[in-house]
Amino acid sequence: MVLELQWLNASFFAVFGLLIGSFLNVVVYRLPKMLERQWANECAEMSGKPLEEASAFNLMVPRSRCPHCGHHIRWYENVPVLSYLALQGRCAACKASISVRYPMVEVAASALFFYCGWRWGATAQGLVWCAFVAVLLTLALIDWDTTLLPDDLTLPLLWLGLLAAAMKWTPVDLSSAFWGAVGGYVSLWSVYWAFKLVTGKEGMGYGDFKLFAALGVWFGWQTLIPIILLASVIGAAVGIAMKFTTGLREGGYVPFGPFLAGAGFAALFLGTGSLQRAVGL
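Peer 1: Kindly report on the nonpolar core, identifying the contributing residues and their values.
Peer 2: Judged by nonpolar contacts, the single largest core of 58 residues is most densely connected at Trp129, Phe132, Phe219 and Leu260. For this core, the elements supplying multiple residues, two or more each, are α1 (2-46), α3 (101-120), α4 (124-146), α5 (151-166), α6 (174-199), α7 (206-219), α8 (224-244) and α9 (257-270). The element that contributes the greatest number of residues to this core is α4, accounting for twelve residues. The residues contacting leucine 260, other than those within four sequence positions of it, are Leu188, Asp208, Leu211, Phe212, Leu215, Ile227, Ile228 and Ala231.

So, in structure tokens, the structure goes:
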């Protein structure tokens, strides 16, 4: 009976994750553009220039459409994974190819939600960890695409982690979460300035500080070293592989956020103790 309930909870979470994954695709595409509009308006306002009239653009409007022909995507063409398979990965109107990343994100979100439902069930813990994986996945994708880690996501992730620690929904107490935030931010902030003073260049962005601080909140200050070591090793390996395959973007840089996120997922799946042992601590 217990096992059946566990499967039921996990399956419900998996279906919910498919729907959330579809929404995350929207966030990944639109949030950076929304920020660009906001920054452009702020610059125009400070320079005294009149603001340009622009149509509404947010996470809800306008309706999703094909970037090639402008075809409005109907509800039955937007069913997670199934619509992609039914359309054979092509626009219903112009037959242009649709990126396979869309269903991959939906499947990834579904799998992550399944894990949360299996591990914590239909509880407050399960829901907050679903929020954690959803935001972390979104941040990784946005940073990979744009090298941005928006405050709109990193700061809520940090504050939700503090709330979850206070409510005992995470494996760390509030004190460990607080010092995890402090240690995570200050450590990368110090590396940033040391690197800049030595080389005159910026090695990372402030979003990385905030994301690392958020991970420190969710997993405690004790996991900061394992997380940063794991992220660095994975990042170095991917960077070297991209260099030899000419996959590096202009400037020869690789965003660090996706690897921090990957280390965060590792901490979730392995547990803080196993993660520390994996890196020899």
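Peer 1: Residue-level account of α7, with values.
Peer 2: Taking 1.5 Å per residue, 14 residues should reach 20 Å; α7 reaches 20 Å between its end C-alpha atoms and fits that length. Where burial is concerned, most of α7 is hidden: 13 out of the 14 residues are buried. Positive backbone phi, at 90°, marks glycine 220, one or two positions downstream of α7.

Peer 1: Would you mind going over the side chain of threonine 138 in detail, with residue names and values included?
Peer 2: Counting through the fold element by element, threonine 138 comes out in helix α4. Looking at threonine 138, the relative accessible area reads 1%, which means it is buried. Apart from the residues within four sequence positions on either side, threonine 138 is in contact with Leu24, Val27, Val28 and Leu153.

Peer 1: Tell me about the environment of aspartate 151, residues and numbers included.
Peer 2: In this fold, aspartate 151 is placed in helix α5. With a relative accessible area of 36%, aspartate 151 lands in the partly exposed category. On a C-alpha basis, the gap between aspartate 151 and tyrosine 206 in space is 9.6 Å, while along the polypeptide they are 55 residues apart. With sequence-adjacent residues up to four places away left out, aspartate 151 is seen in contact with Pro156 and Lys210.

Peer 1: Give me the lowdown on α6, citing residues and values where you can.
Peer 2: Look at α6: 38 Å from first C-alpha to last across 26 residues, which is about the 38 Å you get at 1.5 Å a residue. Within α6, burial applies to Ser176, Ala177, Gly180, Ala181, Gly184, Leu188 and Tyr192. Lining the buried residues of α6 we find α5, α7, α8 and α9. A side-chain oxygen of the first residue of α6 lies 3.2 Å from the backbone nitrogen of serine 175; this N-cap is aspartate 173. Where α6 ends, the next residue or the one after it, glycine 200, has phi of about 80°, a positive value.

Peer 1: Now, about the packing of aromatic side chains: what can you tell me, with residues and values included?
Peer 2: Enumeration over the complete set of coordinates arrives at 22 aromatic pairs. With a centroid separation of 5.1 Å and an interplanar angle of 75°, the aromatic rings of tryptophan 129 and phenylalanine 132 are classed as edge-to-face. Highlighted residues: tryptophan 129 and phenylalanine 132, both in helix α4, separated by three residues, approximately one helical turn. By relative accessible area, tryptophan 129 is classed as buried at 1%. Judged by relative accessible area, phenylalanine 132 falls into the buried class, the value being 0%. Where tryptophan 144 meets phenylalanine 259, the ring centres are 6.5 Å apart and the plane angle is 85°; that geometry is what we call edge-to-face. Note that tryptophan 144 is positioned in helix α4 and phenylalanine 259 in helix α9, a separation of 115 residues in sequence. Site record: aromatic cluster; members linked through ring pairs are Tyr115, Trp120, Trp129, Phe132, Trp218, Phe219, Phe265 and Phe269.

What counts, and at which threshold
- Residues numbered from 1 in each chain as written.
- Predicted model: local features only at pLDDT ≥ 70, side-chain atom pairs only at ≥ 80, totals over all residues.
- Heavy atoms only, no water.
- Core = buried A, V, L, I, M, F, W, Y, C linked by side-chain atoms within 4.5 Å.
- Buried < 20%, exposed > 50% of the residue type's maximum accessible area, 1.4 Å probe, protein only.
- Helix = DSSP H or I, 4+ residues; strand = E, 2+ residues; numbered from the N terminus.
- Contact = heavy atoms within 4.5 Å.
- Expected span 1.5 Å × (residues − 1).
- Polar contact = N/O pair within 3.5 Å; in protein donor to acceptor, adjacent residues only side chain to side chain.
- Phe/Tyr/Trp six-rings, centres within 6.5 Å; stacked < 30°, edge-to-face > 60°.

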